[in-house]
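Structural description and commentary
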Amino acid sequence: MPVIKSFQSDEQALAENLSEELSLDVSMLSLDPPSDKKDLSFAPLSSTTSTSTTNTEEEGSGTYKERKWIVNESNLMQLFTRCPQCGQTVIDTKKFSFGSLLRVSWECINGHEGSWNSCNETRGMADNNLLVAASTLFTGATYVDIADWAACLNVQIPQKTTFYAIQSSYLIPVVDVFYKEQQAKLLEDLRLQNVLQKGANLSGDGRSDR
Ligand SMILES: [Zn+2]
């Protein structure tokens, strides 16, 4: 903030500040630190982070690893103005959404119809709804955490009831299986240690362990 000198009128100071704000470069390029642009030694960790025009966009296609993008609805709907079959004008589009899934149905002036889904479905459930719930639970977050974030950005995610239904039906059972596998492995290691060293030492962290 520039120091407002005492002899300036309020109007003068305001005009000066305004002109300074307008002259600030807030374009995306200006947000890149200069060091980033000049770091020619940087090498991506793997081909999945490459932006070249190879087949990287195909990598992980149809799996949870596939890249996903935040797309504005108005930009997306620009893709549904012409019929992909005859190239004529689309006269009607209908949008249906469930959580993260968006389905667009269209009809062209020649009567061709079609529909498009924003992600695959497995046994009637949109894959991305499962993945939103899984990514939340498996990173230690809660529904409230991501719901607040998503609401602020207006990103579409499953409602609370859907989220918890997915969590209890699909995610908790997976956690249970993995927990039991890990537990069995640890117990097996301890049994082996007991045989080799004639005993195993157990300790807790002194807080609430018993
Ligand atoms: Zn058509």
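Described in the following lines is the structure provided in the data block. Along each chain, numbering runs from 1 in the same order as the chain's sequence is written. Reporting of local features is limited, given that this is a predicted model, to residues whose pLDDT is at least 70; pairs of side-chain atoms are given and counted only at 80 or more, and all residues count toward the totals for whole chains, interfaces and linings. Hydrogens are left out, water is left out, and the side-chain values use all remaining heavy atoms of the structure.

Describing the pattern of salt bridges
- For this analysis, a salt bridge means a side-chain nitrogen from Lys or Arg found within 4 Å of a carboxyl oxygen belonging to Asp or Glu. Scanning the entire structure with this criterion turns up five salt bridges.
- Among the salt bridges present, the one from Asp92 reaches Lys94, with a minimum N-O distance of 2.8 Å.
- With a relative accessible area of 52%, Lys94 lands in the exposed category.
- For Arg191, the salt bridge identified is with Glu188, shortest N-O distance 3.8 Å. Of this pair, Arg191 and Glu188 both sit in helix 7 (residues 160-197), three residues apart, which is roughly one turn of that helix.
- Exposure is judged per residue with a 1.4 Å probe applied to protein chains only, and the accessible area is read against the type maximum: over 50% gives exposed, under 20% gives buried, and values in between give partly exposed. Under the relative-accessibility criterion, Glu188 is labelled partly exposed at 46%. By the criteria applied, helices consist of DSSP H or I runs no shorter than four residues and strands consist of E runs no shorter than two, each listed in order from the N terminus.

Describing the sheet that holds strand 1 (residues 90-98)
- Taken in spatial order, the three strands of this open sheet run 1-2-3, and their pairing is antiparallel. Both outer strands of the open sheet, strand 1 and strand 3 (113-117), are each paired with one neighbouring strand and no more. The mean inter-strand angle of the sheet, taken between neighbouring strand axes irrespective of direction, is 15°. Two strands are counted as paired when DSSP detects at least two bridges linking them. Convention adopted: a line fitted to C-alpha atoms gives each axis, helices being fitted over their contacting stretch, and angles between N-to-C directions are expressed from 0 to 180 degrees.

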